Amino acid sequence: MEGWWRENYANPSSRHAAGVAASEALDKARRQIARATGAQPGRVIFTSGATEANNLAVFGHARARRGHGRHVLVGPLDHPSTRMPAMQLIEEGFEVEDLCLDSNGALDLEDAQARVRPDTVLVTQMFANNEFGCVFPIRELTKIVRRSAPHAAVHVDAVQALGKVELDVELLGVDSISISGHKINGPKGAGALIRANDDPMQALIHGGGQEGGLRGGTQDVPSICGLGLAVKLAEEEREDSTARMSELMRTLRAGVRERKIGRIIDLGAPKQEMLPNIISVIIEGPPAEVFLHHLDARGLAASAGSACQSSKKSMNPALFAIGLNEEEARRVLRLSIGKVTSLEEVQRSIQLLDEVRSELANIV
Amino acid sequence: MRSEVNLQTSSDSASSASSSAEERPYLVLIRYGELALKGKNRGFFERKLASNIRSACEGLSKVRVELRRGRIMVWPEQKPERVAKRLQDVMGIQSVSLARGVPLDPELIAEEGLRSVQEALEGCPADEIQSFRVATRRGNKNFQMTSSELDCYVADRVLPELEKRLKVQLKGADLVLGIEVREKNAFIFTKRLPGPGGLPVGTLGHVLCLLSGGIDSPVAAWMAMKRGCRVSYVTYHSSPYLGDASRKKVVDLVRILAQYQPTSQLFVVPFTKCQEAIRDFAPERYRTVLYRRMMQRIATRLARRNRCGALVTGESLGQVASQTLENITCIEDASGLPVIRPLIAMDKQESVNLAQRIGTYDTSIEPAPDCCTVFQPEKPIIYGRIEECLEAETTFDLDELLTEALRGTERIKVRLDD
């Protein structure tokens, strides 16, 4: 990335040699991403991140298909970057419905079958969930959509799945997926929408015709180069790193159970698979945020499902979507394992969780 | 959204994303067409095809390749579907099927057959009835049943389970359950994906293709590969009249063609001096023909140095002014090697269709001019004469220009996974 800031800072749309070199660098990143996702390089659209890619997908697919219908289905646990644009579509006259989870927390495919209609123009569903680590059955969902909604686009937010699950836009049968650099140790501020076909799509940012006219604006060459390399490495190391993370996850799960830290949320298991790197735990005792600060003070970074002072309205809706009450939602602690996490660190984390649990049990 | 969700507490039943159900592993079953007709040197063609299959899978998955009478079996360690997709581009392959192998037991064959049909039906509308048949090929004549007996045996077990979804139709069925009974196993599949056919790249020698950046020449290169040639490329660049974008376009085309031949080399020849000499000393109407004669000479020398046995061009009779029979004669006169013109009798639309199929079309139509457009004559000669060409070429130092062009030639290695 460094060289594209310091030495060759040319605009990739320029026709001079430095510009052509910059555009070659973009093409290389496009090929790296295309190869990792089974797409054509020309169908990789660089964006400022997955939020923009998801916005582009939701508005872009739905608006371009308006002539065929105005019905949109959204994944119940989807990230706000797809749910919020979908809500915005209501203002434009679209009818937006949620897909549902079954009583076990898995995506309810029978319900999906009943909801998909001939005038459905967009179905968006995340591949793997960022809170609970569950992997949704995208292939099955896509088959259902294809059977009943000939004009619908299927968009998949694959941010969490990238580098952990095999991603192939053609094999999945979807129309587009979105990815982000920062979830795979790549640069922040770089992401992409990857399309499986050239079906009509409307641009969100209009300008100089970059990215096949779907995303105006001079591309951020250094970040995109970093994104390309990060995606390439994530895919190359996927088998090894998921095997390693699964092993660590087994240790972490066993530790959480044995030390009675809390209840692990296995959403939809065993019907749905789980990512090997994320779990959410409903901890025993205090709100997760208090727990989190005590862990932080000891050098362990975790995330709380919701801030303890926040109102129900500002709490993560995914927690309610899976049926938790407000009090439980406040006790959700998310633990994730990274690419560089070691067994010693996992064992130490279990010990720290245990320490904080017993300390807080006496106070709170 | 439903709020009554019964959350499972942690259990060992939660599977990780990398594990899968107990299924038999996929293999890719490869049929080759014309190759099977070869006589004593068939082994050579088969071994080359097997080695090309291995190269094509590099960077995708480790594979085990087995040669068995009339078939090649590829066992991928991972991503079987993508391996099958990639192998559809390997020259010499007639078709590929993603299959599962089962022991030679009619009951197990029927069981796997049922599962494959169920899988195939998942993608079809639930209320639509698919026509169906079983098609057994029995390579192993020691197997206890004949092909038609096994067809009936399997159909008898599949049909009752899927009564509402299938109806038997022996000719032109939508869904054909294929069974190949071999020495140790039977292979079960429901799809035959077409390959390009032809002969394995590298079995019929090495050629040098003149690549312009237009629609035709990449198609010509692909067709030469399809007939078993390994292809290297040469392109001519007129810097500073043309920018790097024109050069990049040709590199991009070679990279797309790397799908069909994973490694290749491209020679980029500086052509400006040649063009300036022709502009300054030769009759204007002859410029294009003389450019092309120069290109043939340079290509011939490069080809000889790199042991290429022929030149390949994208010429098509009568498509442009330089491609009349007379002009083609003038141009070929300057070549010292056979010139193969796979597109000679093809219409433009046919070339366009092929370019779209092989994936070069979108790059070919990018707006970056090639060197022939530099100093283009207002009225190019249509019926050129060799004597006129030879006379025009006495007005400048041909050898000096050739030597200089070859000295400045750059060699670029292009790999599929670059």
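> Explain the overall build of chain B to me, using residue names and the numbers behind them.
Across its full length, chain B holds 13 helices and 15 strands. Here the C-alpha radius of gyration of chain B, 28 Å, is well above what a compact globule of 418 residues would show, namely 22 Å. In terms of overall dimensions, chain B has C-alpha extents of about 85 × 60 × 35 Å along its principal axes. Relative to its full complement of 418 residues, chain B shows a buried share of 53%. Summarising the internal contacts of chain B: among those between residues at least 6 apart in sequence, 79% fall at separations of at least 24. Total accessible area on chain B is roughly 19,500 Å²; 48% of this is exposed by carbon and sulfur atoms. Placing the 60 positive and 54 negative side-chain charges of chain B at their respective mean positions leaves the two points 5 Å apart.

> A description of the confidence of the model for chain B should follow, citing residues and the corresponding values.
Of all residues in chain B, 94% have pLDDT values of 70 or greater, and the mean over the chain is 90. As scored by the predictor, the complex reaches a pTM of 0.84 and an ipTM of 0.75.

> Could you give an account of the pattern of salt bridges, naming the residues involved and the relevant values?
Following the criterion strictly, the structure yields 56 salt bridges over all chains and no others. The salt bridge partner of Glu247(A) is Arg250(A), with a shortest N-O separation of 3.2 Å. One end of the pair, Glu247(A), and the other, Arg250(A), are both in helix 9 (residues 238-258), 3 residues apart, so they sit about a helical turn from each other. With its nearest N and O atoms 3.8 Å apart, the salt bridge here joins Glu180(B) to Arg182(B). Here Glu180(B) matches Arg182(B) in class, with each residue buried.

> I'd like a description of the interface of chain B and chain A, backed by residues and values.
Accessible area lost during the coming together of the parts is what is often quoted as the interface size. With 39 residues of chain B in contact, the opposing surface of chain A contributes 57 residues. Arg139(A) is the salt-bridge partner of Glu81(B), the closest N and O atoms lying 3.1 Å from each other. Across the contact surface, chain B and chain A share 8 residue pairs in polar contact (both at pLDDT 80 or more). For the side of chain B that touches chain A, the secondary structure elements donating two or more residues are helix 2 (80-87) and helix 6 (244-257) of chain B. The element contributing the most residues to the side of chain B that touches chain A is helix 6 of chain B, with 5 residues. Here the side of chain B that touches chain A is composed, by residue class, of 12 nonpolar, 13 polar and 14 charged.

Cut-offs used in this document
- Residue positions are given per chain, counted from 1 along the sequence in the order it is written.
- Chains carry letters from A onward and ligands carry numbers from 1 onward, assigned in written order.
- Owing to the predicted nature of the model, reporting of local features is limited to residues with pLDDT of at least 70; listing and counting of side-chain atom pairs is limited to 80 or more, with chain, interface and lining totals taken over all residues.
- Hydrogens and waters are ignored; side-chain quantities use all the structure's heavy atoms.
- The helix and strand labels rest on DSSP assignments: H or I over at least four residues marks a helix, E over at least two residues marks a strand, and numbering proceeds from the N terminus.
- With C-alpha atoms as the basis for the radius of gyration, the globule rule is written as 2.2 Å multiplied by the number of residues raised to the power 0.38.
- Remark: exposure states derive from per-residue accessible area (1.4 Å probe, protein chains only) relative to the maximum for the residue type, with buried under 20%, exposed over 50%, and partly exposed in between.
- Working rule for contacts: check all heavy atoms of both residues, and any pair within 4.5 Å makes them a contact.
- Here the Shrake-Rupley method, with its probe set to 1.4 Å, supplies the accessible areas, and only the displayed protein chains count as covering residues.
- Asp and Glu are treated as the negative residues and Lys and Arg as the positive ones, with His and the ends of the chain left uncounted.
- Every charge is mapped to an atom, namely NZ of Lys, CZ of Arg, CG of Asp or CD of Glu.
- Residue-level confidence of the predictor, termed pLDDT, takes values from 0 up to 100.
- Whenever Lys or Arg places a side-chain nitrogen within 4 Å of a carboxyl oxygen from Asp or Glu, that contact is recorded as a salt bridge.
- As used in this structure description, the phrase polar contact means that two N or O atoms lie within 3.5 Å; if the pair is within protein, one of them must be able to donate a hydrogen and the other to accept it, and residues adjacent in sequence are counted only when both atoms belong to side chains.
- Side-chain classes follow a simple rule in which Ala, Val, Leu, Ile, Met, Phe, Trp, Tyr, Cys and Pro form the nonpolar group, Asp, Glu, Lys and Arg form the charged group, and the remainder, Gly included, forms the polar group.

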